[in-house]
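Here are the chains, one letter per residue:
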Amino acid sequence: MSGHSTYEPRTGVEKWLERRLPIVRLMHDTAVSYPTPRNLNYFWTFGAILVFMLVVQILTGVVLAMHYAANSAVAFQSVEAIMRDVNWGWLLRYMHANGASMFFIAVFIHMFKAMYYGSYKEPRELLWILGVIILLLMMATAFMGYVLPWGQMSFWGATVITNFFTAIPLVGEPIQTLLIGGFAVDNATLNRFFSLHYLLPFMIFGVVILHIWALHVSGQNNPLGIDTKSEKDTVPFTPYATLKDVFALVVFCLFFGWFLFFQPNYLGHPDNYIQANPLVTPAHIVPEWYFLPFYAILRAITFDIGPINSKLGGVIAMFGSIAILVFLPWLDTSKVRSARFRPLFKIFFWVFAITCVMLGWLGSRPAEGGYVLAAQLFTAYYFAHFLIVLPLLGFLETPKPLPTSITDAVLAKNGGHAHPVGAAASPEKH
Amino acid sequence: MANTASPADPTRRDFLYLTTGAMGVVGTAAALWPFIDQMNPDASTRALASIEVDIGAIEPGQSITVQWRGKPVFIRNRTPEEIEAAKSVPLAELRDPLARNDNAAADADASDANRATDGMENILVMVGVCTHLGCIPLGQQGEYGGWFCPCHGSHYDTAGRIRKGPAPENMHVPVYTFVNDTRLRIG
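Please read these numbers as outputs of a predicted model, since none were measured by experiment.

Section: the sheet that holds strand β10 (residues 183–186) of chain B
Residues and elements named next belong to chain B. Read from one edge to the other, the open sheet built from three strands follows the order β1-β10-β9, with strand pairing classed as antiparallel. Looking at strand neighbours, the two that pair on one side only are β1 (51–54) and β9 (176–178), the edges of this open sheet. Averaged over all neighbouring strand pairs, the angle between strand axes comes to 25°, with direction disregarded. By the bridge criterion, four bridges tie β1 to β10 in an arrangement that is antiparallel. Within β10, the position partnered with Val 53 by the bridge is Leu 184.

Below is the structure:
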């Protein structure tokens, strides 16, 4: 897709730069002339929304760090001071806290889109794997950020999560001690989490660059899941994708704004407005909503599996639920990308999506009675989707016939205009 | 190509390359170590090794919680009935067969005698951290009258042994000594 560059330096500055550092050409090829499939729908705007959210988090985070103090004696008070004393502090902190939730909403939609339209398939395997790495970094960043206000959920969340590592035989406890820098979560833990919470977003930024690079090498997938075959199948990134992204971003910001201004604490937890107390555990420890499906999987393993006790089994299942995504491009044996042409996969996709939502709900329930059994069933299905359903479907399913090209499919749908309304309109002026 | 000199005989230069490379790896690892080890507990944390507690005021049936190495330690003055309940449990019924008592042998069984100190068996001292994922169990609660962990539903008996729920081990007993009848040193 990344064909010959159409950029020609015009002004003196551009010509000067062109011989020394052709950065304007890079920007032009990446964000202006880059050809995008003409049939992209609004699910393809979430990449831009995610870039926007990363920028929002870094900007608000940098200014919050000017007022926050990473010391267990004053951290809680400094956050309350941000809320009450710092000019616009309430807005910046609520943007940052709710921004994390918006970031995860967008990334989950982005991932389900990739699953529905088979965007992880050849030649986009590495693009997908880079995305999984970004997700892992996001989860680590969000977890450490949640510890910083030093409330009860911060403290006990950090305690429970770092205790995962004690499940590892032999080296588990030394690793946990190394991570928290003491015998319990304390000031040393808070300090290093602040340092890493500041570092990781820039690592995410780096992997995002690789992710976009990989995307621009293989080209975007599209709702039909077939390759672009000619220039007629594409439109230039600017203005078509740019403006569509901006419009979607405005709508997304309305959604963000509603939480920010009307329900700023809805996605949080009231216990985190109680200062951390190492001697009292809250009655019901729940992680942030975006971790709930993984938390449900962790708690679903209540039984020993051979030499693996239930604690280690739960930790393995939880990390496995993310690690398995790395292998998705090879577990899905079908050559057809888009679910539009895969009648059986389409059904199983929605069963899987409902499974993820149900796991999220079960993660918020207490671990007792029927909830445990339900979490076990959905956890089993989660893994079965990747390990049994997807490999078998490729062999059992008869896909519908694929259209010959994106243009043919678009024209057939719109009643067969000879020229696409947008892209090919300009040549007539010449 | 077959006529070129055989690489089978290592030269003096090969040897120098290999040893230089090996020294480089060792040097890099040595330089890396401070960056990792700085994360381990610092001297001030390690210095908080032992504390002394006055246990004279704990009435039978009561328990107190003290902080040791940043963790809560439960000290419970058990009633005769609670001790009897703990003693009457057959060892085969226990989820974790080991005493987990740092004052006893590592393979000591989890009998009530091995969980407390002979002669002061009414005083039960334990690190008050659930062996599942590190929450603090609530005292005088649960199906066995010992402790109950609200996080993921682990039940401990009156000797602090895991009886039901996801926790894998009995609550750990730290190293402690009785200075006299009313003073206890932990650590």
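With respect to a positive patch on the surface
Residue and element names in this part refer to chain A. There is a patch of like positive charges on the surface, built from Arg 340, Lys 346, Lys 400 and Lys 413. Along the chain, Lys 413 falls in helix α16 (residues 406–413). Here Lys 413 falls in the exposed class, since its relative accessible area comes to 72%.

Observations regarding the interface of chain B and chain A
Taken residue by residue, the interface counts 24 residues in chain B and 26 residues in chain A. Counting each side, the surface lost to burial between chain B and chain A is near 2,200 Å², with a carbon and sulfur contribution of 66%. For the chain B face of the interface with chain A, the top three residues by lost area are Met39(B), Leu133(B) and His152(B), together amounting to 28%. Counting across the interface, chain B meets chain A through zero salt bridges. Inspection of the region where chain B meets chain A yields six residue pairs in polar contact (both at pLDDT 80 or more). Secondary-structure elements contributing two or more residues to the side of chain B that touches chain A are α2 (43–47), β2 (63–68) and β3 (71–77) of chain B. Looking at side-chain class alone, the side of chain B that touches chain A contains 11 nonpolar, 10 polar and three charged residues.

Re empty space enclosed by the protein
All names here are of chain A. On inspection of all chains with the given rule, the structure shows three cavities of 30 Å³ or more. In this structure, the largest cavity encloses a volume near 160 Å³. Forming the boundary of the largest cavity are 17 residues, of which Phe 143, Tyr 146, Gly 157, Ile 161 and Pro 287 lie nearest the centre. If you list the elements that add at least two residues to the lining of the largest cavity, you get α6 (125–147) and α7 (152–163). If you count residues domain by domain, the lining of the largest cavity takes at least three from each of domain 1 (25–267) and domain 2 (286–411).

Looking at the domain arrangement of chain A
How big an interface is tends to be reported as the loss of accessible area on association of its parts. All names here are of chain A. For chain A, the domain assignment lists domain 1 (25–267) and domain 2 (286–411). Computed from C-alpha coordinates alone, the two centres of domain 1 and domain 2 are separated by 22 Å. On the side of domain 2, 44 residues touch domain 1, which itself brings 49 residues to the contact. When domain 1 packs against domain 2, the two sides together hide about 4,100 Å² of surface, and 71% of this comes from carbon and sulfur. For the pair domain 1 and domain 2, the number of links is two salt bridges. The partner of Asp 227 in a salt bridge is Arg 337, and the shortest N-O contact between them spans 3.1 Å. Along the contact surface separating domain 1 from domain 2 lie 17 residue pairs in polar contact (both at pLDDT 80 or more).

Quick word on the domain arrangement of chain B
Structurally, chain B comprises domain 1 (11–40) and domain 2 (47–186). Between domain 1 of chain B and domain 2 of chain B, the C-alpha centre-to-centre distance is 47 Å.

Some remarks on the pattern of salt bridges
All names here are of chain B. Inspection of every chain in the model, using the stated rule, returns 17 salt bridges over all chains. Taking the shortest distance from any N to any O, the salt bridge between Arg 185 and Glu 52 comes out at 3.1 Å. Placement of the pair is Arg 185 in strand β10 and Glu 52 in strand β1, with a sequence separation of 133 residues. Glu 52 gets classed as partly exposed once you look at its relative accessible area, which sits at 38%.

Details of the pairing of β10(B)
Residues and elements named next belong to chain B. The side-chain alternation of β10 yields one buried face, formed by Leu 184 and Ile 186, and one unburied face, formed by Arg 183 and Arg 185. Sheet topology places β9 next to β10; three bridges connect them, and they run antiparallel. From the neighbouring strand, Thr 177 faces β10, where its bridge partner is Arg 185. Taken together, β9 and the strand that follows it, β10, pair antiparallel across an intervening segment of four residues.

Reading the values: the criteria
Residues numbered from 1 in each chain as written. Chains lettered and ligands numbered in written order. Predicted model: local features only at pLDDT ≥ 70, side-chain atom pairs only at ≥ 80, totals over all residues. Heavy atoms only, no water. Pairing = 2+ DSSP bridges. Helix = DSSP H or I, 4+ residues; strand = E, 2+ residues; numbered from the N terminus. Axes fitted to C-alpha atoms, helices over the stretch in contact; angles between N-to-C directions. Patch = residues over 30% accessible without salt bridge, like charges linked within 9 Å, V, L, I, M, F, W, Y side chains within 5 Å. Areas by Shrake-Rupley, 256 points an atom, 1.4 Å probe, with all protein chains shown as cover. Salt bridge = Lys/Arg side-chain N within 4 Å of Asp/Glu carboxyl O. Lys, Arg positive; Asp, Glu negative; His and termini not counted. Charge placed at Lys NZ, Arg CZ, Asp CG, Glu CD. Buried < 20%, exposed > 50% of the residue type's maximum accessible area, 1.4 Å probe, protein only. Contact = heavy atoms within 4.5 Å. Buried area = accessible area lost by both parts, 1.4 Å probe. Polar contact = N/O pair within 3.5 Å; in protein donor to acceptor, adjacent residues only side chain to side chain. Nonpolar A, V, L, I, M, F, W, Y, C, P; charged D, E, K, R; others polar. 1 Å grid on protein atoms, 1.4 Å probe; cavity = no way out; pocket = protein on both sides within 12 Å on 5 of 7 lines; lining within 4 Å. Points joined across faces, edges and corners; volume = space filled by probe spheres on them. Domains from an automatic or database assignment.

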